[in-house]
Amino acid sequence: MRNGVLVSIGGTGFKNIGDYMQSIAARQFAGDDALLIERERLASYEGEPVRCIMNAWFMWHLDQFPPAPAITPLFTSFHVKPSIEGDFFTERTTEYLKAHSPVGCRSTDAVAMMQRHGIEAWFSSCLTLTLGETYRHVEADTPPVFVDPYFRRFERHDGKFKVLLRIVSCIPYAVRHLRVVATLAGKLKVFEDFPKIRHLAVRWLYAVDFHRSYSALFDDEVLLRAEYIPHRVRKSVYRTNEALFEQAEKRLERYAKAPFVVTSRLHCALPCIAMGTPMWFVYSGSFTTGRFGGNIDFMNRLEMDGSWKVTAPAGLDSADGRIHMATRPAVRTEHLPFAKRLAEQCRRFMSGELNDVGGN
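Below is a summary of the structure that appears in this document. (Residues numbered from 1 in each chain as written. Predicted model: local features only at pLDDT ≥ 70, side-chain atom pairs only at ≥ 80, totals over all residues. Heavy atoms only, no water.)

Moving on: the overall build of the protein. On a plain count of helices and strands, the protein comes out with 11 helices and 16 strands. Since a compact globule built from 360 residues should have a radius of gyration of about 21 Å, the 21 Å found for the protein is in line with a globular shape. Projecting the C-alpha coordinates of the protein onto the three principal axes gives extents of approximately 65 × 45 × 40 Å. Across the 360 residues of the protein, 56% fall into the buried class. For the protein, the accessible area works out to roughly 15700 Å², and carbon and sulfur atoms hold 51% of it. The protein carries 46 positive and 40 negative side-chain charges, and their two centres are separated by 7 Å. (Helix = DSSP H or I, 4+ residues; strand = E, 2+ residues; numbered from the N terminus. Rg over C-alpha atoms; globule rule 2.2 N^0.38 Å. Buried < 20%, exposed > 50% of the residue type's maximum accessible area, 1.4 Å probe, protein only. Areas by Shrake-Rupley, 256 points an atom, 1.4 Å probe, with all protein chains shown as cover. Lys, Arg positive; Asp, Glu negative; His and termini not counted. Charge placed at Lys NZ, Arg CZ, Asp CG, Glu CD.)

Let us now look at the sheet that holds strand β3 (residues 35-38). Pairing is parallel across the open sheet formed by 4 strands, whose spatial order is β3-β1-β4-β6. Strands with a single pairing partner mark the edges of an open sheet, and in this sheet they are β3 and β6 (71-74). The mean angle between the axes of side-by-side strands here comes to 35 degrees, regardless of whether they run parallel or antiparallel. The pairing of strand β4 (residues 50-53) with β6 spans 4 bridges and is parallel. Bridge pairing in β6 links Ile-53 to Leu-74. Relative to the sheet, helix α1 (residues 18-30) contacts β1 (2-7) and β4, its axis offset from that of β1 by approximately 170 degrees. (Pairing = 2+ DSSP bridges. Axes fitted to C-alpha atoms, helices over the stretch in contact; angles between N-to-C directions. Contact = heavy atoms within 4.5 Å.)

Attention now goes to the pattern of salt bridges. Counted by the stated rule, this structure contains 16 salt bridges. The partner of Asp-19 in a salt bridge is Lys-15, with the nearest N and O atoms 2.6 Å apart. Owing to a relative accessible area of 16%, Asp-19 belongs among the buried residues under this scheme. When the shortest N-O distance is used, the salt bridge between Glu-133 and Arg-347 registers 2.2 Å. One end of the pair, Glu-133, is in the loop between β9 (121-123) and β10 (145-147); the other, Arg-347, is in helix α11 (residues 336-350), and 214 residues separate them in sequence. Note on Glu-133: relative accessible area 46%, which makes it partly exposed. (Salt bridge = Lys/Arg side-chain N within 4 Å of Asp/Glu carboxyl O.)

Attention now moves to helix α9 (residues 241-257). Here α9 contains 17 residues, and its C-alpha end-to-end distance of 25 Å stays within 8% of the 24 Å for a straight helix at 1.5 Å per residue. Residues Asn-241, Ala-243, Leu-244, Phe-245, Gln-247, Ala-248, Arg-251, Leu-252, Arg-254, Tyr-255 and Ala-256 constitute the buried set of α9. (Expected span 1.5 Å × (residues − 1).)

In this section: the nonpolar core. Phe-58, Phe-65, Phe-78, Leu-97, Met-114 and Tyr-255 are the most contacted members of the largest nonpolar core, which totals 85 residues. The greatest single-element share of this core, amounting to 8 residues, is contributed by helix α10 (residues 266-275). Residues within four places of Phe-78 in sequence aside, it is in contact with Met-54, Ala-56, Phe-58, Phe-65, Phe-88, Leu-97, Val-103, Gly-104, Cys-105, Arg-106, Ala-110 and Met-114. Judged by nonpolar contacts, the second largest core, of 34 residues, contains Phe-151, Val-181, Val-202 and Phe-218. (Core = buried A, V, L, I, M, F, W, Y, C linked by side-chain atoms within 4.5 Å.)

Time to look at the side chain of Lys-235. Mapped onto the elements of the fold, Lys-235 is located in the loop between β12 (232-234) and α9. A polar contact is formed between the side chain of Lys-235 and the backbone oxygen of Ile-9, at a distance of 2.8 Å. Look past the residues within four positions of Lys-235 in its chain and what remains in contact with it is Ile-9, Gly-10, Gly-11, Thr-12, Gly-13, Phe-14, Lys-15 and Leu-244. (Polar contact = N/O pair within 3.5 Å; in protein donor to acceptor, adjacent residues only side chain to side chain.)

Looking at where Asp-63 falls in the secondary structure, it is placed in the loop between β5 (57-58) and β6. Taking relative accessible area as the criterion, Asp-63 reaches 59% and is therefore assigned exposed. Between the C-alpha atoms of Asp-63 and Ala-43, which are 20 residues apart in sequence, the distance is 7.5 Å.

The subject of this paragraph is the packing of aromatic side chains. Tallied over the entire structure, the rule returns 30 aromatic pairs. Summarising the aromatic geometry, the rings of Trp-57 and Trp-60 are spaced 5.0 Å apart at their centres and angled 50 degrees between planes, so their arrangement reads as tilted. Given a relative accessible area of 16%, Trp-57 falls into the buried group. Relative to Tyr-214, the ring of Phe-146 has its centre 6.2 Å away and its plane inclined at 75 degrees; by these criteria the two rings are edge-to-face. Residue Phe-146 is found in strand β10, and its partner Tyr-214 is found in helix α7 (residues 200-214); the two are separated by 68 residues along the sequence. The buried category is assigned to Phe-146, whose relative accessible area is 0%. A network of ring pairs unites the aromatic residues Phe-146, Phe-151, Tyr-206, Phe-210, Tyr-214, Phe-218, Tyr-228, Phe-260 and Trp-280 as a single cluster. The ring of Phe-14 carries the charged tip of Arg-232 above its face, separated from the ring centre by 4.3 Å. The positively charged end of Arg-301 is found above the aromatic ring belonging to Tyr-283, 4.6 Å away from the centroid. (Phe/Tyr/Trp six-rings, centres within 6.5 Å; stacked < 30°, edge-to-face > 60°. Lys NZ or Arg CZ within 6 Å of the ring centre and 35° of its normal.)

This is the structure we're talking about:
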């Protein structure tokens, strides 16, 4: 029986490269010659018998679950979007998951969801916590990295009138902080290859909103010197699994060398934790997607308060209470038992040692 790795290449538009970081984590145990199994075509799979770790977000096409009989699944680091719970848990799907339980879930929220449907489940956290097997933090002479940090920002679908009002309201702030805002406008990215000229006004709006939020805690030197990396990439540029794997690998290698990383992306935060890269996770009470339960306990958190200012709730090692180039967050270790258990489980499964495909 071959080993397989889930991928999700998606359609047109944009792709969250975090999906391929999860695939890289699985490939550590499946091997570089593993078959690539498309998550959104699981029920249509007609290839040779294959073992596959179901470590992913499920899913856009509900008719493609459960997987085809040729796929032997290991349900660990499994997540179902809360908004599709009613449609996902059909009688057929529920019985399939029961047959392959206990299900390792990526969050405690997902554990509760499984249990509501009578499925035995446990909190495994995310397989990206095992990326320390391949990548380790070695700080190089590189700037800190901001990866899609959360802030209130203008949305282009707001309409031209709101855009105009926002531009007018931002002008005084942009004038007062001209050097910083101009630099940030050239560096901030919402996704890869964002057209710099065509959407210059949008970039300035983002820069003003971002600086308003982050200058409350971060010294301007940090914001000016930082590298800003998106996890959303254009599918028109990265069309193949190989290209998306390459982009994910480049990001992981960059995070491994960063003095510290600031992010609101789960699949940047957890790989950084795995690698031992100092990391802050910018969190808001409005994050209600069911993905963070349990995982948030592994992170150094910065919080977005009611006035849209980023604050450090506790434990900031800085004389003036601000984050400077020399400031480093703690390297946390609470995740290590979870990473060890996941690695042992996946090695046994991919070697064929696990007869119980529930794998707990």
